[in-house]
Amino acid sequence: MPSVLLLLTLLGALCSRGRAMSREEKHRLRNQVVEMFDHAYQNYMDHAYPADELMPLTCRGRVRGLEPSRGDIDDALGKFSLTLIDTLDTLVLLNKTTEFEAAVRRVLSDVRLDNDIVVSVFETNIRVLGGLLGGHSMAVMLKEGGQHMQWYQDELLHMAKDLGLRLLPAFNTSSGLPYPRVNLKYGVTGPETRTGTETDTCTACAGTIILEFAALSRFTGDPVFEAHARRAMDFLWEKRQRNSNLVGTTINIHSGEWVRRDSGVGAGIDSYYEYLLKAYILLGDDLFLQRFNIHYASIMKYISQPPLLLDVHIHKPLLPARTWMDSLLAFFPGLQVLKGDIRPAIETHEMLYQVTKKHNFLPEAFTTDFRVHWAQHPLRPEFAESTYFLYKATGDPYYLEAGRTILDNLNRFARVPCGFAAMKDVRTGSHEDRMDSFFLAEMFKYLFLLFADAEDLPFDVEDYVFTTEAHLLPLSLSTAPHSSSLPSNRTSEEELDDSNFDWTCPNTRLLFPDPAFPRNLREPIRSAVDKSCPRPAPYREPGMGRPPLRAQDFMANNPEHLELLRRMGVSLIHLKDGRVQLVQHATQAVSAVAAEDGVRFMQEMMELSSQQQKEQLPPRAIQIVSHPFFGRVVLTAGPAQFGTDLSKSSTGVRGFVTVAEPYSGCTEITNAEYVQGHIALLQRGQCMFAEKARHIQKAGAIGGIVIDDNEGSSSDTAPLFQMAGDGRSTDDITLPLLFLFHKEGNILLEALKEYREVEVLLSDKARDRAAIFKGKPLPGSLIEGSVDVQETEEDCTTEATTPTSFEPVGQSQMNTVELDELAPEEATPSQEEVSPVDEDTSPAEEVRPPEEEASPADVAPPKEERDSEKRDELEGDTDSSSQSVDELLADWREDLEAFQQMEKDEL
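Attention in this report is confined to the structure presented alongside it. Since the structure is predicted, the reported quantities are computational estimates derived from the model, not experimental observations.

Criteria and cut-off values
Starting afresh in each chain, residues are numbered from 1 along the sequence in its written order. Residue-level local features of this predicted model are given only where pLDDT is at least 70; pairs of side-chain atoms are given and counted only at 80 or more, and the full residue set underlies all totals for whole chains, interfaces and linings. The basis for every side-chain value is the complete set of non-hydrogen atoms in the structure, without hydrogens or water. Runs of H or I in DSSP of at least four residues are treated as helices and runs of E of at least two as strands, each being numbered from the N terminus. For the exposure calls, accessible area comes from a 1.4 Å probe over protein chains only, and a residue counts as buried if that area is under 20% of its type's maximum, exposed if over 50%, partly exposed in between. Contacts described as polar in this section are N or O atom pairs within 3.5 Å, which, within protein, must combine one atom able to donate a hydrogen with one able to accept it, while residues neighboring in sequence count only if both atoms come from side chains. In this description, contact between two residues means that some pair of their heavy atoms is separated by no more than 4.5 Å. In short, DSSP must find at least two bridges between two strands for them to pair. Looking down the strands as they point away from the viewer, one classifies a crossover as right-handed if the path from the first strand across the helix to the second runs clockwise. Any carboxyl oxygen of Asp or Glu within 4 Å of a side-chain nitrogen of Lys or Arg constitutes a salt bridge here. For helices, the axis comes from a line fit to the C-alpha atoms of the stretch in contact; other axes are also lines fit to C-alpha atoms, and the angle between any two N-to-C directions lies between 0 and 180 degrees.

### A short note on the side chain of glutamate 198
And then number 1: Within the element layout of this structure, glutamate 198 appears in the loop between strand S4 (181–183) and strand S5 (200–202).
And then number 2: For glutamate 198, a relative accessible area of 15% puts it in the buried group.
And then number 3: A polar side-chain atom of glutamate 198 sits 2.8 Å from a polar atom in the side chain of threonine 195.
And then number 4: A distance of 3.1 Å separates a polar atom in the side chain of glutamate 198 from the backbone nitrogen of glycine 196.
And then number 5: Apart from the residues within four sequence positions on either side, glutamate 198 is in contact with Tyr179, Pro180, Arg181, Ile253 and His254.

Given below as C-alpha cells:
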C-alpha cells in the first residue's frame, strides 16, 4: 500500500465520524431491513402478482400492454412474474425459507416463458435467467441441508435452460454480439418476431452474459451457452481501442464499429468490466483477469480522477466526454474492493455518500460540482452494494452509518402504503409509480448483509459470487464439467504488463490494521462536497479574521503566494500540459488554523471557478489572410472572458502581427512604435492575461495573441480553455485577446519569420476568402446556407466537454484544483474545454471556396483544389500530418457523430 498523507482533523465540532455501532443497534437495523423487505414483497404479492412489477402508488400490477408504454424500460417486462423470480434468492438470504418454497411452487405452476413478447436480452438474462439460477442454487443448498425443498428436482434449472434456449437466437450474428431484443416465442427472424432489425447494442448489454450463461452450461453440462457468451466477450475485447485499451458505449452488432465512442464505468459499459473480473472469480479462467487488469489500468489512468469517474473519448482519452456522472457508476467502488484497490474505492464512495446526503438519494445523473443533472432515482441499489463491500473490506463502522442513512431515506421519502415508490425528482420528493424488481433483488440483500452477523446467515456468502443483479452463483462451478475446447482469443504476453494482478480478491481482514486510515481519506472529500457541515471558526489573533490569501488574488508565479500556500498545507504539482494542480495535505500545514485557512482557500478556488464557468465562450479563429495564405490557414484559438467579444463583431479585427517586447508583455511595451496599430504577439506566463492585454492596449495595439510557452502543446491533444480575468474589473480592456497553443502559435511565428509581414483576421469563425479579398461584406460562415464544421463540432460538444468547478485529476487527496502553471488568471478548474481538431489533423484548416454547396458532413474540397492549396501552405510546417484529407475528415465526422449522439442519449 503506498504511503498515505494523513489529513489533519480540523479543530471544532465536525460532522459525526464512524463510531462503533453496538450489537443491539446493528440487530435493530437488520430487523428493520427485513421489515422493509416484507412491506415491499408482500405488497407485490397482494396487489401485483402475477404481473411483472408493482405500481406502488396505484396499488396494482404493471402489465405490459395494459399500461402506457415507457419505451425501453418496458423491455424488461415479459409477462413472466419478473419481480417474483428476481426475488427468489433474496428470500433465502433473509431466512424466509417457507416463503421461498411457496414462491418456487408459484413460479413452477404459474410462469410461462413462451410468451409472444419482445424483451431485452440483457435484462432478461440478468433478472430472469439469473433469478432462476440463483433460485436453483438456493434450492439445491437447502435440499442438501436435509430440512427444506426435499421435493425439488431441478425444476428451476429446467426453466432456466428453456429460457437460455429462447435467448440463443439473439446471438445469431456475424460478430457473435447478441441482438438487443428477442421475441421469447419467435426469436429474431421473421415478421412475427417484431424485432431483429436493430443494429446497435450497448457494451454492457453484450458483455453481461458470461456469468449466467456459463453457470447454465456448467449446471446442465451443455457448453453451447458458455461458448456464445465467451464469443461475445472475445469480440468486445478485440474491438477495444488499442491505444487507450478502453471500450465505447454502443457498438454495431454486425460490423463491430463503435457507434458511441464515449467510455466510462457507468451506464452502457458498467457490468462489462464487472463480468470480466467476476468471470475470473467464478470460472477460474486467468484470461478474464488479464483482460480486466488491462482495462482497469486504463480506467485508472484516464477515467478515474479521484473521487470522480468521468467519461472520456476512447480515441482521445485525455478529453472528457461529459461533465456529469450517472448513478450506475456507484457500483464501481464495490468492484474496486474485489480488485483490492481500496483507496480510490473509499474516495469515490465518500463522494457518492456526500451527494446522497445532499439530495437524499443519488440523482440518476449529477454534475462534477455535485448538482442534479437528471433528477430521477428509481431506487437503485449500487450505492448500497459498494457500502456493503467497503464495510467488509475495512470493518469501519462508518459504513454502517452510511447504511443507516440509506434505510432512513427509503423510509422517509420512498415508502408508501403499497410498497416503495421511485423518486421522480429528488429535489422535490415527488414519486413515480414504479418499484423495479431490482429493488427487491439487490437492495435488501446488500443492506441485510451489511447489518447481519455471520450467525444470521443461512449459508456462507463467501462460497458464492454476486451477479450484477445480486443473484448468487456457487463458486463450485469453477470445477464443474465444461468444454475444454471453447474458442477464445488469448491475450499476448506483451499486453500483460500489469503489476496489480496480485491485488485481486484480497484478504479483507488484513487490509487496514489502522482503523483511522479510511477516515483520513474521507475527510477532505466531505469538506469539498458537503458544505452543510457547520464548523465553528477557530480562534484567531486579532486582525486574522480572513484567510491570509484569497483565491481571487492568487498568482501561481508569486513567491509570497507560494509560501503562503505551503504554510496552509497546499502544494503545487506541475502537470505535463503546462497546468499545475493544487492539492491540500492538511498535515503539512504549520498549524491547525493554517490548515483551516487551506480548506477555505480551496473552497474559494472552487467557488471562483464555478462563477467563471457560467460564462462559457466558444473557440475563436485566427485566419492568416496575407500572401501566400489568402485565408486558407485557420488556427483554432481560445477566447478571453474580457475585451472585445468577437462573436458580436460582423467584421472581426484585421491587422498585421508583430512581436511585443518584452515578449511576456508583463511590463510596459518597449517597442510601442511597432505595436501601435498592430496585433501583438505575446508569450504565455509570468503575469496575468489581463495584465498583458492592458500593456499592449496602452502601446496602441488593436488586438493580441498569446502563444503558449509549453513546447509541443497543441489543440490537437489538449483542450482549449478561456482566459479568465484577474479578479478585478476588466471593463477597461477593449481589444480582443486570443490564445494559441505552442504548435499553432509556431505556425504564425514561422510565417512571420519567412514573410516578415503577416496579416491575420481575428474573428469568431473563419470567413469566406472571396469576401475578404473582394471587399464584400463578410458572411457569418464559410458558405451561405451551410454550417462551419468547426462551429458544428463546437456547438454539439459545449456541454459535454466543459469541465465544471471541481476537477481533481490524478490525485487521491482532496482538496484538489487544477490551474495553469504561469497564468494566474487560469488558477481555477473552469477552463473551457472544446473539442479540438482530430489529433492527426494539421492545425491549418482548409477553407472551402464560396461556390461549393456542401453539408457539414460533406466538407472535403475536390482533390485538385486540395493539392493546389497545399502547395501554397507553409513549406516549413513540419507538424503537418501526412494523412489524407479524406481520412482526416472521415475521422472528424466520426467524432462529430459521436458528440451529437452523446447529447441525445439517455440512460
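Here the narrative resumes.
### Some remarks on the pairing of strand S26 (residues 679–683)
On a regular strand, each side chain points to the face opposite its neighbour's, so the side chains alternate between the two faces of the sheet.
And then number 1: Taking burial as the measure, the five residues of S26 include four buried ones, the bulk of the element.
And then number 2: By the bridge criterion, three bridges tie strand S25 (residues 653–659) to S26 in an arrangement that is parallel. Of the residues in S26, the one forming a bridge with valine 659 is leucine 681.
And then number 3: Each parallel crossover has a hand, and for S26 linked through helix H20 (residues 689–698) to strand S27 (residues 703–707) it is right-handed.

### Looking at unusual backbone geometry
And then number 1: The amide bond that connects proline 306 to the next residue, proline 307, takes the cis arrangement and shows omega of 5°.
And then number 2: Tracing the backbone shows proline 307 in the loop between strand S9 (304–305) and strand S10 (308–309).
And then number 3: Each neighbour pair has its own omega, and for histidine 627 with proline 628 the value is 5°, a cis peptide bond.
And then number 4: Secondary-structure assignment places proline 628 in the loop between strand S23 (620–624) and strand S24 (633–637).
And then number 5: The residue phenylalanine 370 is not glycine, and still its phi comes out positive at about 70°.
And then number 6: Residue placement: phenylalanine 370 occurs in the loop between strand S13 (365–367) and strand S14 (372–374).
And then number 7: Among the residues examined, phenylalanine 370 registers a relative accessible area of 3% and is labelled buried.

### Concerning the pattern of salt bridges
And then number 1: The final tally for this structure, using the stated rule, is 49 salt bridges.
And then number 2: The partner of arginine 260 in a salt bridge is aspartate 262, and the shortest N-O contact between them spans 2.5 Å.
And then number 3: A residue is classified by how much of its surface remains accessible, and aspartate 262, at 1% relative accessible area, is buried.
And then number 4: Linking glutamate 347 and arginine 343 is a salt bridge whose minimum nitrogen-to-oxygen distance equals 3.8 Å. You can see glutamate 347 and its partner arginine 343 sitting in helix H12 (residues 342–359), four residues apart, about one turn around the helix. For the pair glutamate 347 and arginine 343, one class covers both residues: buried.
And then number 5: Here the salt bridges share partners, and the residues they tie into one network are Glu53, Arg70, Asp74, Glu123 and Arg127.

### Quick notes on the sheet that holds strand S12 (residues 324–326)
Within a sheet, each strand pairs with its neighbour through backbone hydrogen bonds, oriented either parallel or antiparallel.
And then number 1: Taken in spatial order, the three strands line up as S12-S13-S14 in an open sheet, and their pairing is antiparallel. Where the open sheet ends on each side, the last strands, each with one partner, are S12 and S14. Taken over all neighbouring pairs, the strand axes of this sheet differ in orientation by 30° on average, direction set aside.
And then number 2: In this sheet, S14 lies alongside S13 in antiparallel orientation, the contact comprising two bridges. Bridge pairing in S14 places alanine 365 opposite tryptophan 374.

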